[in-house]
Amino acid sequence: MVFTRRPAAVLTAIVAACAMAISLTACTTDANSQDTADDRTTVTSSAPGVVAMFTPSDGITLNQQTPLNKWAKLTPNLTKALTSAGFKKGDISHTTSDSLDKQSRAIQDYVVNHLSGSNTTDDAGIVISPDNITLLVAPVVEADASTRQYGDYVSQELSTADTAEGSDSTDSSDSSNSSDSSDSSTGSDSTDDSSSDASKTAGDSKNAAQAEAVDRLVSSLKLAKESGMHVVLMGNSIKGYKPDAFVRFSDAQAIGKLQAEKIVSKLELSKASKDNPKYIEVLMPYTAVDESGEASDSTFAQEAFRGIWQVLGAYYQKGVVESPSGTLNGNSTEDDWQSVAYDASKEGSTAKVLDARLAKAEEHASPTRIDGIIAMNDYIASEVVTELDDLGYTGSAADINPQITISGIVGNITGKKDLSRSDVPDPIKSPEKDDSADSTDSADTQDDSTATDKTDKTKDSQWPLVTGYGAYVSNIPSIVNGKQWMTGIEDRQTLAENIAEACALLNKGQTLTSMSSVRNTEVGGKKKVPTISGPLLAVSASNLKVTLIDPGYISLADAGL
């Protein structure tokens, strides 16, 4: 009796489903949904569907020394953009995780739960098929202390198990070589070996856990795509995995290049000459050793310097730009990042490095002339500002454009006036190298020499341009008063709008070719991945109101106004 009833029940269900489908097709008065007999609503192809966001959780911040480029800052922009694109708030979920292990499990649970049946019904009674779901995933990637100073969006690549194994063998080889070179030491060998073995065991365990988390994440994302869901990776790619789309935020090269380009423009290096060169120092902070005592990955520092050198290299080679410390010269290449790199994890390291590079020729001499300092991020820039003040430099970046005053900058930010600019008066030949002056009158010559000497000393102590990145709230007052000339930030609102548009298109089964912000790039070793990107925003006192205050990224109080 049971066996005869079950087919009948199944047949009845199929007939009912077909009748429902026919009624849905016939009813076209509502473009988004159609009520069914059991008060459920089925999402049609014209409805935006569902978006599930998975991002790393931000660490606890006890002060304002943190960049604005944080996931916690982006997700509200994303939610607002998604609702503007037609998504219902109840159809937008957000999960944060402080480790890749937790994140991979959360994504796995989400995918499996939504695929446990052919369709999923939310609390509002809406039946959602997998092809109406987009996963926005920002993989949790570990970053060292110096890299974190640039914010959360710096694009990195998550290594797969194969890459991790290769790295492990390399580390093992390096460890073996290190052990061989220390065979001559005696006494504490057994202790060192024991400590080394314990460290290696902990490292191996950590690598194994990481590899397992990566495998779980990739498997979950592949299952999601195979079922019809869409996967959009944000910020961090996964080696060997091809998503439906990728959101590329800032990377090391772009951050370095941005600061170098702004220095070139502001100092008008195209008009500089060998007889009156500009003096620029590049600070490249990095973490030499990670928390486990192993050598850190220096890829970020290398790529950042490459971005800088692609812009400034030609000027050093022409001799129109010099490094007061001699760390860079016309023979330098983009591979010479170590010439300007230093371990920023050591307390006071930036001050020590800058003090050494700008050392005076004599004890009572005027400060060493410096026109620009690329500090890479706002954390380092704040230390540079403090050290420059201690070294006796005066003025601010506002002095480089004489018609711009601090009061004018404040007035511009508060919306009272527009800034007026004029070029920096800077002769092609420096006074000390100009031998064309008429020296027939000895008295006049002596007076001119005295005046020139005073001018030179004033110029030597002139406050340089200081660049950074991250738009730290704690640094905004320094940008307003001209001590830090510029910083950089992601255009979060525009990126959020583009991501929301992409999600809506994907959930409708459409491609992203219509989006002007999308182009195909290589991601994680996979070619032709639709990639959403946008230019970084350079922020200075002259445009701070438009770039940070008007969009609501910071308040007037944050700017010290």
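Predicted model, so just to flag it, every value in this text is computed and none were measured.

Undergrad: Help me out: how do you make sense of the overall build of the protein chain in this one?
TA: Check the secondary structure of the protein chain and you find 15 helices and 20 strands. Counting the 561 residues in the protein chain, one finds 43% classified as buried. For the protein chain, restricting intrachain contacts to residue pairs at least 6 apart in sequence, the fraction spanning at least 24 positions comes to 74%. Surface exposure of the protein chain reaches about 27900 Å², of which carbon and sulfur atoms provide 49%.

Undergrad: Would you mind showing me how to read helix α14 (residues 492-507) here?
TA: It helps to recall that an α-helix has 3.6 residues per turn; residues three or four apart then point in one direction. Spanning 16 residues, α14 covers 22 Å between terminal C-alpha atoms, matching the ideal 22 Å at 1.5 Å per step. With 12 of 16 residues buried, α14 lies mostly within the body of the structure. All of the buried residues along α14 are R492, L495, A496, N498, I499, A500, A502, C503, A504, L505, L506 and N507. If you follow the buried residues of α14, they end up packed against β2 (50-56), α2 (71-84), β6 (133-137), β8 (230-234), β10 (245-247) and β19 (526-532). Looking one or two residues past α14, G509 carries a phi angle of roughly 80 degrees, positive in sign.

Undergrad: What exactly am I supposed to notice about the pattern of salt bridges here?
TA: For the structure on display, the rule yields 13 salt bridges. Of the charged contacts, one joins D101 and R216 as a salt bridge, the two residues approaching to 3.2 Å between their closest N and O atoms. Of this pair, D101 sits in helix α3 (residues 100-115) while R216 is found in helix α6 (residues 189-227), placing the two residues 115 residues apart along the sequence. Where R357 meets E281, a salt bridge forms, and the shortest distance between an N and an O atom there is 3.0 Å. On the criterion of sequence distance, the pair formed by R357 in helix α9 (residues 349-357) and E281 in strand β11 (residues 278-282) is long-range, its members being 76 residues apart.

Undergrad: Help me out: how do you make sense of the side chain of H230 in this one?
TA: Inspection of the secondary structure puts H230 in strand β8. For H230, a relative accessible area of 12% translates into the label buried. Residues in contact with H230, not counting those within four places in the same chain, are D131, I133, T134, L135, D244, L506 and N507.

Undergrad: How should I be thinking about the sheet that holds β8 in this particular structure?
TA: Two pairing modes exist for strands in a sheet, parallel and antiparallel, and in both the strands are linked by backbone hydrogen bonds. With mixed pairing, seven strands are arranged side by side in an open sheet as β3-β2-β6-β8-β10-β19-β18. The open sheet has two edge strands, β3 (92-97) and β18 (518-523), and neither has a second partner. When the angles between neighbouring strand axes are averaged without regard to direction, this sheet yields 30 degrees. In this structure, β2 lies alongside β3, joined through six bridges in parallel fashion. Its bridge partner being in β3, P56 is matched across the sheet by S97. Against the sheet, α2 contacts β2, β3, β6 and β8, and its axis sits at roughly 170 degrees relative to β2. Along the sheet face, α14 touches β2, β6, β8, β10 and β19 and points at about 145 degrees away from the line of β6.

Undergrad: Please explain the packing of α9 against helix α10 (residues 378-390) as it appears in this structure.
TA: In helix packing, the relevant descriptors are the interaxial angle and the interaxial distance, both defined with respect to the helix axes. At a minimum axis distance of 9 Å, the contact between α9 and α10 shows a crossing angle of 50 degrees. With respect to their mutual orientation, α9 and α10 come out oblique. You can see that α9 and α10 cross each other, and the crossing is right-handed. Of the residues in α10, those touching α9 at T350, A351, L354 and D355 are I380, E383, V384, E387 and L388. Split by residue class, the contact of α9 with α10 holds five nonpolar, one polar and three charged.

Undergrad: When you look at the confidence of the model for the protein chain in this model, what are you seeing that I'm missing?
TA: Interpretation of this model should avoid reading the predicted coordinates in detail wherever pLDDT is low. Considering every residue of the protein chain, the mean pLDDT works out to 79; 70% of them sit at 70 or more. Across the protein chain, the secondary-structure element scoring lowest on mean pLDDT is helix α1 (residues 2-26), at 41, and the one scoring highest is strand β15 (residues 372-374), at 98. In the model, residues 1-45 has pLDDT below 50 throughout and makes 32 contacts with residues more than four positions away in sequence or in other chains. Low pLDDT, under 50, characterises residues 436-440; the stretch is placed with one contact to residues that sit more than four places away or in other chains.

Undergrad: Looking at this model, I keep getting lost on the environment of Y553. Mind explaining?
TA: Mapped onto the fold, Y553 is located in the segment after α15 (544-549). Given a relative accessible area of 8%, Y553 falls into the buried group. Residues contacting Y553, with those up to four places away along its chain left out, are L68, I489, D491, R492, Q493, T547 and L548. Polar contacts involving the side chain of Y553 include one to the main-chain amide nitrogen of R492, which spans 3.3 Å. Among the polar contacts listed, one links the side chain of Y553 to the backbone nitrogen of Q493, at a separation of 3.0 Å.

Undergrad: Got a minute to help me understand the pairing of β11 in this structure?
TA: For a regular strand, side-chain orientation follows a simple rule: the groups alternate between the two sheet faces. Of all five residues making up β11, five are buried, and the element is well covered by its neighbours. Of the two faces of β11, the one carrying K278, I280 and V282 and the one carrying Y279 and E281 are both buried. In this sheet, strand β13 (residues 321-322) lies alongside β11 in parallel orientation, the contact comprising two bridges. Each residue of the ladder has a partner; that of K278, found in β13, is V321. By the bridge criterion, three bridges tie β11 to β15 in an arrangement that is parallel. The residue bridging I280 from the neighbouring strand is G372, located in β15.

Definitions and cut-offs
Residues numbered from 1 in each chain as written. Predicted model: local features only at pLDDT ≥ 70, side-chain atom pairs only at ≥ 80, totals over all residues. Heavy atoms only, no water. Helix = DSSP H or I, 4+ residues; strand = E, 2+ residues; numbered from the N terminus. Buried < 20%, exposed > 50% of the residue type's maximum accessible area, 1.4 Å probe, protein only. Contact = heavy atoms within 4.5 Å. Areas by Shrake-Rupley, 256 points an atom, 1.4 Å probe, with all protein chains shown as cover. Expected span 1.5 Å × (residues − 1). Salt bridge = Lys/Arg side-chain N within 4 Å of Asp/Glu carboxyl O. Pairing = 2+ DSSP bridges. Axes fitted to C-alpha atoms, helices over the stretch in contact; angles between N-to-C directions. Parallel < 35°, antiparallel > 145°, perpendicular 65-115°, else oblique. Left-handed = near helix turned anticlockwise from the far one by under 90°. Nonpolar A, V, L, I, M, F, W, Y, C, P; charged D, E, K, R; others polar. pLDDT = per-residue confidence, 0-100. Polar contact = N/O pair within 3.5 Å; in protein donor to acceptor, adjacent residues only side chain to side chain.

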